[in-house]
Amino acid sequence: MLGPVTTGLVVCVAVLAAASVYGVLHKRRSGRVRVRGRDDGKRLGAAELGGELGERATLVQFSSAFCAPCRATRRVLDEVAGMVPGVTHVEIDAEAHLDLVRELEILKTPTVLVLDADGRVVRRATGQPRRADVIAALGEAV
């Protein structure tokens, strides 16, 4: 039989191990641009976006006021939109557009949607995406 100090130590080690595994998995998923099945067929137009679609593709960013990764994401998306002709970046305040957030199942900010020229959602990223991942996702949209 283990004493109370040993039992407490075992519990602490188990909790730390579980938290570490969760942290590593969460970090790996955050910011990855991926296809989600339930986005299939959803379209967004100028009315929902509050701005025109890009000729070739549109990068839609859902942000909130006090989101530090949102500012970095804005810089990345602006840079990519400036590099790739026909691509537009639209930023949407998630708090001001709750109906759209619920419809698209946006669970955290920043969330980036990559739309093709017709406004269909082809890719989604949650968290701050890397520039290379955004460029690769645009390859599918254009």
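Summarised in this report is the structure supplied together with it. (Residues numbered from 1 in each chain as written. Predicted model: local features only at pLDDT ≥ 70, side-chain atom pairs only at ≥ 80, totals over all residues. Heavy atoms only, no water.)

## A closer look at helix α3 (residues 68–83)
(1) Moving on: Taking 1.5 Å per residue as the helical rise, α3 with its 16 residues ought to reach 22 Å, and the 24 Å between its terminal C-alpha atoms agrees with that figure.
(2) Moving on: Taken together, the buried positions of α3 are Cys-70, Ala-72, Thr-73, Val-76, Leu-77, Val-80 and Ala-81. For α3, the buried positions fall inside an angular range of 170° around the axis, keeping them on one side. Across from the buried face of α3, at angles greater than 90 degrees, the exposed residues are Arg-75 and Gly-82.
(3) Moving on: Buried residues along α3 sit against β2 (57–63), β3 (87–93), β4 (111–116) and α5 (131–141). (Helix = DSSP H or I, 4+ residues; strand = E, 2+ residues; numbered from the N terminus. Expected span 1.5 Å × (residues − 1). Buried < 20%, exposed > 50% of the residue type's maximum accessible area, 1.4 Å probe, protein only. Arc of directions from axis to C-beta. Contact = heavy atoms within 4.5 Å.)

## Quick look at the side chain of Thr-111
(1) Moving on: If you trace the backbone, Thr-111 turns up in strand β4.
(2) Moving on: Judged by relative accessible area, Thr-111 falls into the buried class, the value being 1%.
(3) Moving on: From its side chain, Thr-111 meets the backbone oxygen of Lys-108 in a polar contact 2.5 Å long.
(4) Moving on: The residues touching Thr-111, leaving out its near neighbours within four places in the chain, are Val-60, Gln-61, Phe-62, Ile-106, Arg-124, Ala-125 and Thr-126. (Polar contact = N/O pair within 3.5 Å; in protein donor to acceptor, adjacent residues only side chain to side chain.)

## A few points about unusual backbone geometry
(1) Moving on: Cis geometry is adopted by the peptide bond preceding Pro-110, which originates at Thr-109 and carries an omega value of -5°.
(2) Moving on: With respect to the helices and strands, the residue Pro-110 is situated in the loop between α4 (98–103) and β4.
(3) Moving on: Positive phi is not limited to glycine here, since Glu-105 has a value of about 55°.
(4) Moving on: Residue placement: Glu-105 occurs in the loop between α4 and β4.
(5) Moving on: On the basis of relative accessible area, Glu-105 is assigned to the partly exposed category, the value being 31%.

## Here's the deal with the side chain of Ser-63
(1) Moving on: Mapped onto the elements, Ser-63 comes out in strand β2.
(2) Moving on: Overall, the relative accessible area of 5% leaves Ser-63 in the buried class.
(3) Moving on: At 2.7 Å, the side chain of Ser-63 and the side chain of Glu-91 are in polar contact.
(4) Moving on: Excluding anything up to four places from it in sequence, Ser-63 contacts Cys-70, Glu-91, Ile-92, Asp-93, Ala-94 and Thr-109.

## Focus: the pattern of salt bridges
(1) Moving on: A full pass over the atoms with the stated rule returns 6 salt bridges.
(2) Moving on: The closest approach of N and O atoms between Arg-74 and Glu-91, which form a salt bridge, is 2.6 Å. Here the residue Arg-74 occupies a position in helix α3, and Glu-91 occupies one in strand β3, the gap between them amounting to 17 residues.
(3) Moving on: Exposure remark for Glu-91: the relative accessible area of 31% places this residue in the partly exposed category.
(4) Moving on: Here Asp-118 and Arg-120 are joined by a salt bridge, their closest N and O atoms 3.7 Å apart.
(5) Moving on: According to the relative accessible area criterion, Asp-118 is partly exposed, its value standing at 45%. (Salt bridge = Lys/Arg side-chain N within 4 Å of Asp/Glu carboxyl O.)

## Re α5
(1) Moving on: Those residues of α5 that sit buried are Val-134, Ala-137, Leu-138 and Ala-141. On an axial view of α5, the arc spanned by its buried residues comes to 105°, and they lie on one face. Away from its buried face by more than 90 degrees, α5 exposes Ala-132 and Ala-136.

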